[in-house]
Amino acid sequence: MASVITGPDDLARCGWVGDDAEYRRYHDEEWGSPLRGDRALFEKMALEGFQAGLSWITILRKRPRFREVFAGFDPATVAAFGPDDVERLMADAGIIRNRAKIEATISNAALVRDMAAGEFDALMWSFAPPARPRPHSLGDVPPVTAESEAMSKALRKRGFRFVGPTTMYALMQSAGMVDDHVEGCWRAVPHP
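Throughout what follows, the structure given in this document is the object of discussion. Quantities reported herein were computed from a predicted structural model and do not represent experimental measurements. Along each chain, residues carry numbers from 1 onward, in the same order as the chain's sequence is written. With the structure being a predicted model, the display of local features is reserved for residues of pLDDT at least 70 and the display and counting of side-chain atom pairs for 80 or more, all residues being used for whole-chain, interface and lining totals. With hydrogens and water excluded, all non-hydrogen atoms of the structure serve as input to the side-chain values.

1. Regarding the side chain of Arg-24
Point 1. Structurally, the position occupied by Arg-24 is in helix α1 (residues 21–29).
Point 2. Although buried, Arg-24 forms no salt bridge, and the nearest oppositely charged side chain, Asp-9, lies 5.3 Å from it.
Point 3. Contact between two residues is taken to exist if any of their heavy atoms lie within 4.5 Å; hydrogens are not considered. When residues no more than four places from it in sequence are discounted, the contact partners of Arg-24 are Pro-8, Arg-13, Val-17 and Asp-19. A run of H or I in DSSP becomes a helix once it reaches four residues, and a run of E becomes a strand once it reaches two; helices and strands are each numbered from the N terminus. For every residue, the accessible area (1.4 Å probe, protein chains only) is compared with the maximum for its type, and the residue is labelled buried under 20%, exposed over 50%, or partly exposed between those bounds. Asp and Glu count as negative and Lys and Arg as positive, but His and the ends of the chain are not part of the count. When a carboxyl oxygen of Asp or Glu lies within 4 Å of a side-chain nitrogen of Lys or Arg, that pair is called a salt bridge.

2. Side note on the layout of surface pockets
Point 1. The definitions used throughout rest on a 1 Å grid laid over the protein atoms alone, on which a cavity is an enclosed set of points accommodating a 1.4 Å probe that cannot get out and a pocket is an open set flanked by protein within 12 Å on both sides along at least five of seven lines; lining residues are those having an atom within 4 Å of a point. Grid points are joined across faces, edges and corners, and a volume is the space filled by probe spheres set on the points. One number sums up the size of the largest pocket: a volume of about 460 Å³.
Point 2. Of all the elements in the fold, those that place two or more residues in the lining of the largest pocket are α1, α2 (38–51) and α9 (165–174).
Point 3. With five residues, α9 is the largest single contributor of residues to the lining of the largest pocket.
Point 4. For this classification, Asp, Glu, Lys and Arg are treated as charged, while Ala, Val, Leu, Ile, Met, Phe, Trp, Tyr, Cys and Pro are nonpolar and the rest, including Gly, are polar. Per-class residue counts for the lining of the largest pocket are eleven nonpolar, four polar and two charged.

3. Some points on helix α6 (residues 99–113)
Point 1. Taking 1.5 Å of rise per residue, 15 residues should cover 21 Å, and α6 covers 21 Å from first to last C-alpha, within 8% of that figure.
Point 2. Of the positions making up α6, those classed as buried are Lys-101, Ile-102, Ala-104, Thr-105, Ile-106, Asn-108, Ala-109, Ala-110 and Val-112.
Point 3. Where α6 is buried, its residues touch α2, α4 (75–79), α5 (83–90) and α7 (119–125).
Point 4. Polar contacts, as counted here, are pairs of nitrogen or oxygen atoms within 3.5 Å of one another; within protein the pair requires one atom able to donate a hydrogen and one able to accept it, and residues that are adjacent in sequence qualify only if both atoms are side-chain atoms. Capping the start of α6 is the job of one residue whose side-chain oxygen sits 3.1 Å from the backbone nitrogen of Ala-100: Asn-98. Expected span, for any helix, means 1.5 Å times one less than how many residues it has.

So this is what it looks like as structure tokens:
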């Protein structure tokens, strides 16, 4: 895979985007942009957990339905889901029907709900590393870092599930805690 590709709009982007219009939009408008807020980060955590073992484009295309059936990822509402909700979600072909991931999302919601407002956001962002040199190529982008391992360990200690270090590094990238836009990508701005 090329590290940088040029889209039909003549913009150079990170090579993982390929030629998919939804991936281009996601790359240009979301990936690597700082995301703040308990609810927004809970949604990101849930979706990254559902993505484990699948491609991100699958999750991205199903995201509107995920948002609908998981009450906009409001932690208090999702935390109140019971066995009937689990069965409802297991029957919904518009999402990933994985019982362990559905149950983890519900239990993770309860953990976020029980935190003070802003505490989950602060916890997640406390693992953001200092700025580092921009990756020269996709091959320079690590799948796991010391920070994502520490984040994963801290979250698991609190009882969170589906928060392995690779999944948490993907969250760190997508939520802008790290900036892995490769050199040559139009989104790659010089670090101060």
